[in-house]
Amino acid sequence: MGSHSSTTAGNISGSTINAPVNVSGSGHVVIPRTVHSLCSIPPSRTVSEPWRQISWGDNVRDLQYVKEYKPGNKDIKHVRILLYGPDGAGKSSFIKSVCSVIQGRVTTDALTSDKSYNGTYETFKIRKEGNSETFCHFVFNDVMDLKDGDGICVDDIKLTLKGHVKEGYQFKPSSPLSPEDPDYNCCPSADDKVHVLVCVLSADSAVITDSVLKKMADIREAASELGIPQMAIGTYIDSACPETKKDLKNVYKSQQLKQKVKDFSAAVGVPENYIFPVKNYSDETHINDDVNTLILSALRQMISLGDNFIEK
């Protein structure tokens, strides 16, 4: 999906209209009138008391939950999690990182799809540790990046939310899917539909352009109209904050990352307590408990939101 650095223009602090979505899916989204820089943040510093509590290294309970989770609705086999976001935000890396956490080893080939991340609509199932035929009861869908000009068509993401896009469909930026297309699913099941929408943003990106924010707002509003719950994750936190790079446990003591969360919330309309900083596995060769803690915290929230939605 490209490098996590960005060369886009625009900014996101100052006098924006902050219109957080209702995470249960209800309500409408207002687009910020102005877009300000994500990088106008004081020099990195930490505070003694964390601004959010988390149990570091105590991953047994959360790992058991995500491995053993199963929807109570007999018509739905799994919670479907749709990831979307700007170019280079780290969507595919997050899926691979979840695979590593579940399987207990750093892996790049745990995805069951043999398709590359090339704009094809694919469902990624996560194998459980030690059993190649057993999968977790949540799946990911990763769509093309949101970009200026090119990139996925917002109308296609709206169709994806409703379950109208068939597996294997090749997204075409200049030509959205139509009901006449053979890849159009005219009668989606409850299992085909998206159950939770997750915005993926890089904490190390300086800016998000107006046009990309407009696309994100359109997607959020479509999800809100369907009642689909929403949250966000912030990736590359170690690159964004020197103190967190030194020690990942500083993530919730970092004033810099706290400001990033506030800026993300103002920009994309997701409440601050539904934005989760994570570090994807990248150059590590072994599992790290602290990396796992952040990933599991975000993943459990995704599953819980999706489960609440399908049980309505």
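See the structure above.
Residues numbered from 1 in each chain as written. Predicted model: local features only at pLDDT ≥ 70, side-chain atom pairs only at ≥ 80, totals over all residues. Heavy atoms only, no water.

Draft legend 1. Seen up close, the packing of aromatic side chains. Taken as a whole and assessed by the stated rule, the structure comprises 6 aromatic pairs. Each ring, one from W51 and one from Y252, has its centre 5.0 Å from the other, and the planes form 85 degrees; the classification is edge-to-face. You can see W51 sitting in the segment before α1 (60-68) and its partner Y252 sitting in the loop between α6 (242-246) and α7 (255-268), a full 201 residues away along the chain. Here Y252 falls in the buried class, since its relative accessible area comes to 3%. Seen from their ring centres, Y121 and F171 are 6.0 Å apart, and the 85 degrees between their planes marks the pair as edge-to-face. Of this pair, Y121 sits in the loop between α2 (91-103) and β2 (123-128) while F171 sits in the loop between α3 (154-161) and β4 (196-202), and the two are 50 residues apart along the sequence. By the burial criterion, Y121 is buried, and F171 matches it. Counting every residue linked through ring pairs, the aromatic cluster contains F94, F138 and F140. The ring of F276 is capped by R52, whose NZ or CZ atom sits 5.5 Å from the centre of that ring. (Phe/Tyr/Trp six-rings, centres within 6.5 Å; stacked < 30°, edge-to-face > 60°. Helix = DSSP H or I, 4+ residues; strand = E, 2+ residues; numbered from the N terminus. Buried < 20%, exposed > 50% of the residue type's maximum accessible area, 1.4 Å probe, protein only. Lys NZ or Arg CZ within 6 Å of the ring centre and 35° of its normal.)

Draft legend 2. Structural view of the layout of surface pockets. Roughly 190 Å³ of internal volume is contained in the second largest pocket. Lining the second largest pocket are I54, S55, D58, N59, R61, D62, T293, S297, R300 and Q301. Elements represented by at least two residues in the lining of the second largest pocket include exactly α1 and α8 (289-310). Take the lining of the second largest pocket: its biggest share by element is 4 residues, from α8. The residue inventory of the lining of the second largest pocket, partitioned by class, reads 1 nonpolar, 5 polar and 4 charged. (1 Å grid on protein atoms, 1.4 Å probe; cavity = no way out; pocket = protein on both sides within 12 Å on 5 of 7 lines; lining within 4 Å. Points joined across faces, edges and corners; volume = space filled by probe spheres on them. Nonpolar A, V, L, I, M, F, W, Y, C, P; charged D, E, K, R; others polar.)

Draft legend 3. Representation of the side chain of D307 in the model. Within the element layout of this structure, D307 appears in helix α8. The charged side chain of D307 is buried without a salt bridge, its nearest counter-charge being R300 at 10 Å. In contact with D307, other than residues within four places in its own chain, are Y69, P71, G72 and V79. (Lys, Arg positive; Asp, Glu negative; His and termini not counted. Salt bridge = Lys/Arg side-chain N within 4 Å of Asp/Glu carboxyl O. Contact = heavy atoms within 4.5 Å.)

Draft legend 4. Inspection of α2 at higher detail. Taking 1.5 Å per residue as the helical rise, α2 with its 13 residues ought to reach 18 Å, and the 19 Å between its terminal C-alpha atoms agrees with that figure. With 11 of 13 residues buried, α2 is to be regarded as a mostly interior element. The set of residues buried in α2 consists of K91, S92, F94, I95, S97, V98, C99, S100, V101, I102 and Q103. Directly beyond the C-terminal end of α2, a positive phi value near 75 degrees is found at G104. (Expected span 1.5 Å × (residues − 1).)

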